[in-house]
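Architecture at a glance
Here are the chains, one letter per residue:
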Amino acid sequence: MKMRKGIIASLALSSVLLLAACGNNSSQSSSSAKETTTTTAEAVASASAQKYADPSTLKESYDVIIVGSGGAGLSAAIQAKEAGLNPVILEKMPTAGGNTTKSSAGMNASQTKFQEKEGIQDSNDKFYEESLKGGHGTNNPELLRYLVDNSASAIDWLDSMGITLSNLTTTGGMSQKRTHRPADGSAVGEYLVNGLLRNVSEREIPLFVNAVVTKVNEKDGKVTGVNVTIDGKEKTVSAKAVVLTTGGFGANMEMVTEYKPELKGFVTTNQKGSTGDGIVLAKELGAATVDMKDIQIHPTVEQSTSTLISESVRGEGAILVNQDGKRFYNEMETRDKVSQQIIGLKEKYAYLVFDSALTERAKAVKFYEKRGLVKKADTIEALAKEINVPADALKATLETWNKAVADKNDAEFGRKTAMDHDLSKGPYYAIQIAPGIHHTMGGLKINTKAQVLKEDGSAIQGLYAAGEVTGGVHGENRIGGNAVADIIIFGRQAGAQSAAYAKEN
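Model, not experiment: these values are computed from the prediction.

Describing the overall build of the protein
Counting its regular elements, the protein contains 17 helices and 21 strands. With 505 residues in all, the protein has 62% of them scored as buried. Taking as baseline every contact in the protein between residues at least 6 positions apart, the subset at least 24 positions apart corresponds to 77%. For the protein, the accessible area works out to roughly 18900 Å², and carbon and sulfur atoms hold 48% of it.

Structural notes on the packing of aromatic side chains
Two measures describe an aromatic ring pair: the distance that separates the ring centres and the angle between the ring planes. Under the definition given, this model contains six aromatic pairs. Geometrically, the ring pair formed by tyrosine 349 and tyrosine 351 is edge-to-face, given 5.9 Å between the ring centres and 85° between the ring planes. According to the relative accessible area criterion, tyrosine 351 is buried, its value standing at 6%. Sitting above the plane of the tyrosine 128 ring, arginine 145 keeps its charged end 4.9 Å from the centroid.

A look at the packing of helix H6 (residues 141-149) against helix H17 (residues 482-504)
One way to put it is that H6 packs onto H17 with a least axis distance of 10 Å and a crossing angle of 90°. In terms of their interaxial angle, H6 and H17 are classed as roughly perpendicular. In contact with Leu143, Tyr146 and Leu147 of H6, H17 contributes Asn482, Ala485, Asp486, Ile489, Phe490 and Gln493. Of the residues contributing to the contact of H6 with H17, the split by class is six nonpolar, two polar and one charged.

What to know about the sheet that holds strand E11 (residues 289-290)
What the three strands build is an open sheet, ordered E11-E18-E21; its pairing is mixed. The open sheet is flanked by E11 and strand E21 (470-471), the only strands paired with a single partner.

Section: helix H7 (residues 151-160)
Where H7 is concerned, the buried positions are Ser151, Ala152, Ala154, Ile155, Trp157 and Leu158. At the exit of H7 stands glycine 162, carrying a positive phi of roughly 85°.

A few points about the confidence of the model for the protein
Considering every residue of the protein, the mean pLDDT works out to 90; 90% of them sit at 70 or more. Note on residues 1-48: pLDDT under 50 across the span, and 118 contacts to partners over four residues away in sequence or across chains.

A short note on the pattern of salt bridges
Close approach of charged atoms lets side chains of opposite charge pair. Under the defined criterion, the tally for this structure stands at 22 salt bridges. Between arginine 178 and aspartate 122 there is a salt bridge, with the nearest N and O atoms lying 2.7 Å from each other. With a gap of 56 residues between them, arginine 178 in the loop between strand E4 (167-169) and strand E5 (179-181) and aspartate 122 in the loop between helix H4 (113-117) and helix H5 (124-134) connect regions that are remote in the sequence. With a relative accessible area of 0%, arginine 178 lands in the buried category.

Overview of the environment of aspartate 324
Among the structural elements, aspartate 324 can be located in the loop between strand E14 (319-321) and helix H12 (335-343). As a C-alpha pair, aspartate 324 and alanine 393 span 69 residues in sequence and 7.0 Å in three-dimensional space. Ignoring any residue separated from it by four or fewer positions in sequence, one finds aspartate 324 in contact with Lys346, Pro390 and Ala393.

Re the nonpolar core
In terms of nonpolar packing, the biggest core is built from 95 residues, with Leu90, Leu158, Leu244, Leu463 and Ile488 touching the most fellow members. The dominant element in this core, judged by the number of residues it contributes, is H17, at ten residues. With 41 residues, the next largest nonpolar core counts Ile319, Phe328, Leu345 and Leu352 among its residues.

Side note on the side chain of serine 498
Topologically, serine 498 is positioned in helix H17. With a relative accessible area of 0%, serine 498 lands in the buried category. At a separation of 2.7 Å, a polar atom in the side chain of serine 498 contacts the main-chain carbonyl oxygen of alanine 494.

Quick notes on the sheet that holds strand E3 (residues 107-108)
In sheet architecture, strand pairing relies on hydrogen bonds along the backbone and comes in two forms, parallel and antiparallel. Within the open sheet, the three strands sit side by side as E3-E5-E4. Their pairing is antiparallel. The open sheet has two free edges, formed respectively by E3 and E4, since each of these has just one partner strand. As paired strands, E4 and E5 are joined by three bridges and run antiparallel to one another. Within E5, the position partnered with asparagine 167 by the bridge is arginine 181.

Structural notes on unusual backbone geometry
Most of the time, phi is negative for any residue but glycine, and the peptide bond is trans. The linkage connecting glycine 426 with the following residue, proline 427, adopts the cis geometry, with an omega of 0°. Mapped onto the elements of the fold, proline 427 is located in the loop between helix H16 (391-407) and strand E17 (428-440). If you check the backbone angles, glutamate 204 has positive phi at about 55° while not being a glycine. One non-glycine residue, aspartate 220, lies in the positive phi region at around 55°. Residue position: aspartate 220 is located in the loop between strand E7 (211-219) and strand E8 (222-230). Aspartate 220 gets classed as exposed once you look at its relative accessible area, which sits at 73%.

Here's the deal with the environment of isoleucine 446
Along the chain, the position of isoleucine 446 falls in the loop between strand E18 (443-445) and strand E19 (451-453). Between the C-alpha atom of isoleucine 446 and that of asparagine 140, which follows or precedes it by 306 residues, the distance is 10.0 Å. The contact partners of isoleucine 446, leaving out residues within four places of it in the chain, are Leu143, Gln451, Val452, Leu453, Ala465, Thr470 and Phe490.

Let's talk about the packing of helix H15 (residues 380-387) against H16
Look at H15 against H16: their axes get within 8 Å of each other, and the N-to-C directions meet at 125°. The orientation of H15 with respect to H16, classified from their angle, is oblique. In this structure, the crossing between H15 and H16 has a hand that is right-handed. Contact with H15, carried on its side by Ile380, Glu381, Leu383 and Ala384, involves Ala391, Leu394, Lys395 and Leu398 of H16 and no other residues of that element. For the contact of H15 with H16, the residue count by class is six nonpolar, no polar and two charged.

Rules of the game
Residues numbered from 1 in each chain as written. Predicted model: local features only at pLDDT ≥ 70, side-chain atom pairs only at ≥ 80, totals over all residues. Heavy atoms only, no water. Helix = DSSP H or I, 4+ residues; strand = E, 2+ residues; numbered from the N terminus. Buried < 20%, exposed > 50% of the residue type's maximum accessible area, 1.4 Å probe, protein only. Contact = heavy atoms within 4.5 Å. Areas by Shrake-Rupley, 256 points an atom, 1.4 Å probe, with all protein chains shown as cover. Phe/Tyr/Trp six-rings, centres within 6.5 Å; stacked < 30°, edge-to-face > 60°. Lys NZ or Arg CZ within 6 Å of the ring centre and 35° of its normal. Axes fitted to C-alpha atoms, helices over the stretch in contact; angles between N-to-C directions. Parallel < 35°, antiparallel > 145°, perpendicular 65-115°, else oblique. Nonpolar A, V, L, I, M, F, W, Y, C, P; charged D, E, K, R; others polar. Pairing = 2+ DSSP bridges. pLDDT = per-residue confidence, 0-100. Salt bridge = Lys/Arg side-chain N within 4 Å of Asp/Glu carboxyl O. Core = buried A, V, L, I, M, F, W, Y, C linked by side-chain atoms within 4.5 Å. Polar contact = N/O pair within 3.5 Å; in protein donor to acceptor, adjacent residues only side chain to side chain. Left-handed = near helix turned anticlockwise from the far one by under 90°.

Take a look at the structure:
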């Protein structure tokens, strides 16, 4: 198949972790920071020392085969192992982690113990309603309800394994602080993947890399395993159940433009392995797909390097200005709306503007600085010169914004969240951004048991899927922080349900 050729890229673990450093950060109490920094250091050390399974040890049979090693695949494997079964993970790339490693915003969850500790009054219903509104009412209501109602328990599950997401912030379209991040300010993706890999290793779950699954096998209407190319050989590995957690197709430009031609020429924030393989594999067995034309562009992407500028920068108080030095929209609206406003500017790009105090709350900025993506100046006027905007206009914009923060009233654009801090402490910073391809909301049709469905709604026996390879959860537009919730919650469900099926068959 054409899309399977040349999809294995030489991607070193160090570069994957480096890219992940563009995640969210913020300050917290010194005691919790010290405690979680230790946990994070252990997780990083574990990932660095990660030993992948020797190809010669691949067995002919396992209870459950998981295809893909992002957050959904790792969660599924751990859950299947906890159910007492013998799972295996097959990853086509040279390293584990997938797109999850690059995740930035955090994990959305409602009614959690960490919200309760901070006195945040949130509800599952509010989380559901705001996600539904963000998806323009097109989300699959059953899938979304399952995600919301199981979000708090997923946070607890991660915490029980030493993966603590206790730092809270907000993303566009959310009215409450329900985006959970590592307490020490490290990138959520790197921290999450490292923690899950540590738990996979502790449970002695075999994880094979450079293992390209070319076919899901089926007999008498039931999945029987896969064909996989590993170490230059094609092997058939049998199993009672197969879980597809191969991610989306945001790095497959041929596939992206097939469904959305207007995205031709856009940069992508996706890692090279996000090519839609799982969708193709399942369709060969008659699987249905949903929402394939719903491809999200993220509003803040640095174009020369395709670096995603974390939503936490806006979430901690940054503003967007145009080439005239003026704000032009509510920065904390949903990603689709902010993106369209930027595309609508005559120059089709904008600047994130913020102060030095924000860099302490969103430490990801340090990573952007190291990559040479940030303009910095001691005064607003000097920053205006750096980015070639009118100094008087930019100064007036900052003054108006700071007054809006003080009054808790954004009279210009009605922003209501991420207004806890003004922008008044020099030096001042700016990053030029424009939209880039970020997330594919469409994918395989599943039910709340994570079973892959056919066009008639019947389940393909023994085939499960979770994460960005699936469709329906997010509708036409995904809310920031809901992707990590999706991979963990449905990854767990796919692992549990595939294990239950394998036991019965």
